Amino acid sequence: MLILLPPSEGKAAQGDGPALELDALSFPALTSSREKALDALTALVQGPDDEALAVLGLSPGQVGELGGNRRLRTAPTLPAARLYTGVLYDNLGLASLEADARARAERAVIVFSGLWGALRLSDGVPPYRLSMGVRLPPLGGLAAHWRPCLAEVLDAEAGLVVDLRSSTYAQAWRPGPRATTVRVLREAEGARSVVSHMAKATRGAVARSLVESGAELSSPQELAELLGCLGHVTELGAPPRKGKPWTLDVVIRS
């Protein structure tokens, strides 16, 4: 089973490990594309601050984020498991997992990134700021930059795919009908809506449920049944057409 997560905008302030070694990261076939993204980001932040802020979608008050992007090749790293913070990762709670559940998370979880493409939780990288939604000169849109090489690498990974990514990151790899896209909806007075903060928290809780369960899942139906047994209210929808993923709605009733 593969559990796909987005990164978080919030990240640890600094690492405590060695400098970046691209060749040591998981999915070594991505190294060339990582080099291109890293070179392009480094070149951008060496120019005028206002231009870099505009490209990265940052406000003038976030100019300090550019400093971290200028030191990416020399800054101390830390594992992705500790790098990403925020609501989803708080609810996933990697640090509090029992050893066997943590080992399952290390095997199953893949974090998507505008700069690194895809990471395992053990991969060491420095704090950075680069969303998958950015058009980074001269590469253009980052989802399009990553899509061919991620397909080559991840299509070869076996197993059911549980897709907990946001829409921006889902564009970088489309796993097709073996995937189940998890949506989080709030139901109140018979109407359903998406609430971003709640969705992030629930995605983290679902990921935690999966790695703690230890279940070997092979179908969307088994996924929906397991999450139901673990206390989540779910509704499974078949692919709308050939080649598309299943949809699993996790419903929060209030």
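Residues numbered from 1 in each chain as written. Predicted model: local features only at pLDDT ≥ 70, side-chain atom pairs only at ≥ 80, totals over all residues. Heavy atoms only, no water.

Novice: Is there a simple way to explain helix H1 (residues 31–46) in this structure?
Specialist: Since one α-helical turn is 3.6 residues long, residues separated by three or four positions face the same way. The end-to-end C-alpha separation of H1 is 22 Å, in line with the 22 Å expected for 16 residues at 1.5 Å each. What H1 keeps buried is the set Thr31, Ser33, Arg34, Ala37, Leu38, Ala40, Leu41, Leu44 and Val45. (Helix = DSSP H or I, 4+ residues; strand = E, 2+ residues; numbered from the N terminus. Expected span 1.5 Å × (residues − 1). Buried < 20%, exposed > 50% of the residue type's maximum accessible area, 1.4 Å probe, protein only.)

Novice: What am I meant to see in the pairing of strand E1 (residues 2–5) here?
Specialist: Working note: regular strand, side chains alternate between the two faces of the sheet. Taking every second residue as pointing to the same face, both faces of E1 are buried, with Leu2 and Leu4 on one and Ile3 and Leu5 on the other. Both E1 and strand E3 (residues 109–113) contribute to a ladder of 3 bridges, which runs parallel. In the strand pairing of E3, isoleucine 3 is matched with valine 109. (Pairing = 2+ DSSP bridges.)

Novice: Which parts of the structure should I look at to understand unusual backbone geometry?
Specialist: Residues apart from glycine generally show negative phi values, whereas peptide bonds are mostly found in trans. With omega at -5°, the peptide bond leading from proline 137 into proline 138 counts as cis. Residue position: proline 138 is located in the loop between strand E6 (135–136) and strand E7 (140–141). Positive phi outside glycine occurs at phenylalanine 27, with the angle close to 55°. With respect to the helices and strands, the residue phenylalanine 27 is situated in the loop between E1 and H1.

Novice: What am I meant to see in the packing of H1 against helix H2 (residues 49–56) here?
Specialist: A pair of packed helices is characterised by two quantities: the angle between their axes and the separation of those axes. Contact geometry of H1 with H2 gives a least axis separation of 7 Å together with a crossing angle of 135°. Classified by the angle between their axes, H1 and H2 sit oblique to one another. Each of Leu41, Leu44 and Val45 in H1 lies in contact with H2, whose residues at this interface are Glu51, Ala52, Val55 and Leu56. Among the residues making up the contact of H1 with H2, the classes are represented as 6 nonpolar, no polar and 1 charged. (Axes fitted to C-alpha atoms, helices over the stretch in contact; angles between N-to-C directions. Parallel < 35°, antiparallel > 145°, perpendicular 65-115°, else oblique. Contact = heavy atoms within 4.5 Å. Nonpolar A, V, L, I, M, F, W, Y, C, P; charged D, E, K, R; others polar.)

Novice: I'm lost on the pattern of salt bridges in this one. Help?
Specialist: Opposite charge on two side chains makes pairing possible when the charged atoms of those side chains draw close. Here the structure, examined in full by the defined rule, presents 13 salt bridges. Taking the shortest distance from any N to any O, the salt bridge between glutamate 157 and arginine 120 comes out at 3.3 Å. Separated by 37 residues along the polypeptide, glutamate 157 in the loop between helix H7 (142–154) and strand E8 (161–163) and arginine 120 in the loop between strand E4 (117–119) and strand E5 (124–125) bring together distant segments of the chain. Taking relative accessible area as the criterion, glutamate 157 reaches 24% and is therefore assigned partly exposed. Taking relative accessible area as the criterion, arginine 120 reaches 13% and is therefore assigned buried. Each of the salt bridges in this network shares a partner with another, and the network as a whole consists of Glu9, Glu65 and Arg129. (Salt bridge = Lys/Arg side-chain N within 4 Å of Asp/Glu carboxyl O.)

The values reported here are purely geometric and, on their own, carry no functional implication.
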